[in-house]
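Commentary on secondary and tertiary structure
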Amino acid sequence: MSGIVRVDNLSFQYGDEPIFSQIGFSVYPGESVAVIGSNGAGKSTLLRLILGELTPLTGSVRLFGQEVRHFREWTKIGYLAQNGTQAVSGFPATAEEIVTANLYSRIGFRPFPKKEHREKARTALRQVGMEDYAKRIVGALSGGQQQRVMLARVLVSDPELLFLDEPTVGVDAETVMSLFDLLTRLNRENGLTVVMITHDLARASERMSRVLCLEDGTLVELDKAQIDKELTHKHKHPGV
Amino acid sequence: MAILEYDFMRRAFAAGILLAVIIPCIGMIVVLKRLSMIGDALSHSSLAGVAAGLILGVNPILGAAAACIAAALGIEAIRKKIPKYSEMSIAIIMSAGIGLAGVLSGFVKNAANFNSFLFGSIVAISDFELSLVVGVSCAVTLAFILLYKELFYIAMDERAARIAGVPTQAVNFVFTILTAVTVSVAARTVGALIVSSMMVVPVACAMQFGKSYKQTLIYSVCFAVLFTAAGLFLAYYARLKPGGTIVLLGILCLMLILAFKGAAAAISARIKR
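Fair warning: this is a prediction, and the values are worked out from it, not measured in the lab.

Things to note about the overall build of chain B
Within chain B one finds 12 helices and 0 strands. Reading chain B from its N end, one meets helices and strands in the order α-α-α-α-α-α-α-α-α-α-α-α. In terms of C-alpha radius of gyration, chain B reaches 19 Å, essentially the compact-globule figure of 19 Å for 273 residues. Along the first, second and third principal axes, the C-alpha atoms of chain B reach 65 × 50 × 30 Å. Counting every position in chain B, which comprises 273 residues, the buried fraction comes to 52%. For chain B, contacts bridging at least 24 residues in sequence account for 74% of all contacts bridging at least 6.

Regarding the interface of chain A and chain B
You'll often see interface size given as the accessible area lost when the parts meet. With 26 residues of chain A at the interface, the matching set in chain B holds 27 residues. For the pairing of chain A and chain B, the buried interface totals around 2300 Å² over both sides, and the portion due to carbon and sulfur atoms is 63%. The three residues of chain A that bury the most area against chain B are Phe91, Pro92 and Tyr104 of chain A, which together make up 29% of that side's buried surface. Inspection of the region where chain A meets chain B yields 3 salt bridges. In this structure, Arg162 of chain B and Glu53 of chain A form a salt bridge, with 3.1 Å as the shortest nitrogen-oxygen distance. Across the contact surface, chain A and chain B share 10 residue pairs in polar contact (both at pLDDT 80 or more). Residue assignment for the side of chain A that touches chain B shows that the elements contributing at least two residues are α2 (85–88), α3 (95–100) and α4 (104–107) of chain A. Looking at the side of chain A that touches chain B, its residues break down into 17 nonpolar, 3 polar and 6 charged.

Quick look at helix α3 (residues 60–81) of chain B
Here α3 of chain B contains 22 residues, and its C-alpha end-to-end distance of 31 Å stays within 8% of the 32 Å for a straight helix at 1.5 Å per residue. You can read the cap of α3 of chain B off the contacts: a side-chain oxygen lies 2.8 Å from the backbone nitrogen of Ile61 of chain B, and it is on Asn59 of chain B.

Observations concerning the sheet that holds strand β6 (residues 77–80) of chain A
Backbone-to-backbone hydrogen bonds join strands into a sheet, with any given pair of strands oriented parallel or antiparallel. All names here are of chain A. Spatially, 6 strands are ordered β6-β7-β8-β3-β9-β10 in an open sheet, and the strand pairing comes out mixed. At either end of the open sheet lies a strand with only one pairing partner, and these are β6 and β10 (218–222). Across the sheet, the mean angle separating the axes of adjacent strands is 15° when strand polarity is ignored. Two strands pair when backbone bridges link them, and β6 and strand β7 (residues 161–165) are joined in this way by 4 bridges, in the parallel orientation. Each residue of the ladder has a partner; that of Leu80, found in β7, is Leu164. Across the sheet, helix α6 (residues 143–155) lies against β6 and β7, angled at about 165° from β6, the strand it touches most. Packed onto the sheet, helix α7 (residues 173–190) meets β3 (32–36), β7 and β8 (193–197) and runs at close to 150° relative to β8.

As for the pairing of strand β1 (residues 5–14) of chain A
Residue and element names in this part refer to chain A. Two elements, β1 and strand β2 (residues 17–27), share 7 bridges in a ladder whose sense is antiparallel. For Arg6, the partnering residue across the bridge sits in β2 and is Ser26. Hairpin remark: β1 followed by β2, antiparallel, with 2 residues in the connecting loop; positive phi at Gly15, about 65°.

Side note on the nonpolar core
Val149 of chain A together with Tyr213 of chain B are the most contacted members of the largest nonpolar core, which totals 120 residues. With 14 residues, helix α1 (residues 7–32) of chain B is the single largest residue contributor to this core. Formed by 35 residues, the second largest nonpolar core is a distinct cluster that contains Leu54, Val68, Tyr79 and Leu212 of chain A.

With respect to the packing of aromatic side chains
The final tally for this structure, using the stated rule, is 14 aromatic pairs over all chains. Their ring planes at 65° and their centres at 5.3 Å tell us that Phe13 of chain B and Phe233 of chain B sit as a pair that is edge-to-face. Remark: Phe233 of chain B occurs in helix α11 (residues 213–238) and Phe13 of chain B occurs in helix α1; sequence separation between them is 220 residues. Judged by centre distance (5.6 Å) and plane angle (65°), the rings of Tyr148 of chain B and Tyr213 of chain B are edge-to-face. In this pair, Tyr148 of chain B is assigned in helix α7 (residues 148–156) and Tyr213 of chain B in helix α11, connecting sequence segments 65 residues apart. When its relative accessible area of 0% is taken as the criterion, Tyr213 of chain B is described as buried. Through pairs of rings, three or more aromatic residues link up here, namely Phe91 and Phe112 of chain A together with Tyr148, Phe152 and Tyr213 of chain B. In this structure, Lys76 of chain A packs its charged tip against the face of Phe64 of chain A, placed 4.7 Å from the ring centre.

About the thresholds
Residues numbered from 1 in each chain as written. Chains lettered and ligands numbered in written order. Predicted model: local features only at pLDDT ≥ 70, side-chain atom pairs only at ≥ 80, totals over all residues. Heavy atoms only, no water. Helix = DSSP H or I, 4+ residues; strand = E, 2+ residues; numbered from the N terminus. Rg over C-alpha atoms; globule rule 2.2 N^0.38 Å. Buried < 20%, exposed > 50% of the residue type's maximum accessible area, 1.4 Å probe, protein only. Contact = heavy atoms within 4.5 Å. Buried area = accessible area lost by both parts, 1.4 Å probe. Salt bridge = Lys/Arg side-chain N within 4 Å of Asp/Glu carboxyl O. Polar contact = N/O pair within 3.5 Å; in protein donor to acceptor, adjacent residues only side chain to side chain. Nonpolar A, V, L, I, M, F, W, Y, C, P; charged D, E, K, R; others polar. Expected span 1.5 Å × (residues − 1). Pairing = 2+ DSSP bridges. Axes fitted to C-alpha atoms, helices over the stretch in contact; angles between N-to-C directions. Core = buried A, V, L, I, M, F, W, Y, C linked by side-chain atoms within 4.5 Å. Phe/Tyr/Trp six-rings, centres within 6.5 Å; stacked < 30°, edge-to-face > 60°. Lys NZ or Arg CZ within 6 Å of the ring centre and 35° of its normal.

So, in structure tokens, the structure goes:
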């Protein structure tokens, strides 16, 4: 089986400062993978390289078997950015309008969405428990509710592969739990492949099939014993 | 109505209302992209084109359009180079535009013609200028409808739009040209120093009431049409400058809305207590 994400010998640096060197990994269909690491380790940079937003110093990224530079099937990919709610928090649009926007390729040449597109958006909002807020201006919603709307925007296009960049930052505990529950369900029942950058190692190790750790310029997969060791260390030194 | 018996006033209403429909459409995207000052930068740059046109004997509106397009592309290019401080690109181009306009205006022989672009002269527009307004209005309206969902997505989240497959570069380019052309035509009618207010004030008013993106857009157009029509009436009967009157009415309306909303919120909070 070939990986739908394949990273080979990837190196990157900002100016003269190396971020990581010669890292590689694959993600296979139906997997759920967490990427952990301390602040500044390069987790979001890795995601930007995978999405083709940055050019690596060396190495390659392949999505669904294609070099990311030539990859055009972006509808297969969902991406929830770090602090994604910032973009919409002051925006004068309803939750439904925001979710419908991501049906861009399905709406085609029509300038406006049809009823079926609005219904699809409603279904995505229902999935994240936000259907009752469909007609509300998104800026009037709480941070957790806005994050759910952002997730609905990603899910509405039925992606096969989902990238999430620290989706639980600044979100209340209840929303974090429901987010993990939803992602676990979509992964197990619908076969959605999930790659999540997170600091929540405890929950990631419990819910995700693999945990990768990006630290000091290298990427390693953590086994059960290493995860337990990390969790014990974090428990003893919560600030570290 | 006596006011509409005059040919120049009928032309002023036609041009004013057409511009009142398209300027907020452009303004809505500009405001939501947090680039509210772009209208100022383009209109000031248009003055450099007006001066160049008058010096070279070319129609000043065409000169303004060329300068606006160059300025808009310059802003977009600088914005990409320093995305974290995108508003700096506007200040740089505005300074360049003002500097160039200042230098070139010294060589313009007919100062009155140049000054008419500063505050506009909607009641003195020619048949050619009215045709230009009609043509630009049709093109902007059509482009805005065709690119409705693309512009909405880009204004909301340009990065997510690109990942979703929106051709962001092409759409931004078309929008830049539309903005530049609209500003250059509007500079002749409402005035280069006033056009950016027409982009922002109706949108600011509409954002106080809009319950969705579509509704906010419709309200913006309604406010702009209202300000233009009322401004032209008031200017005619009170013998005021039309461009300035239109904008001042808009600002007054925005102040009243904000004051009313503030008072309503305070009363509602007191009742809840």
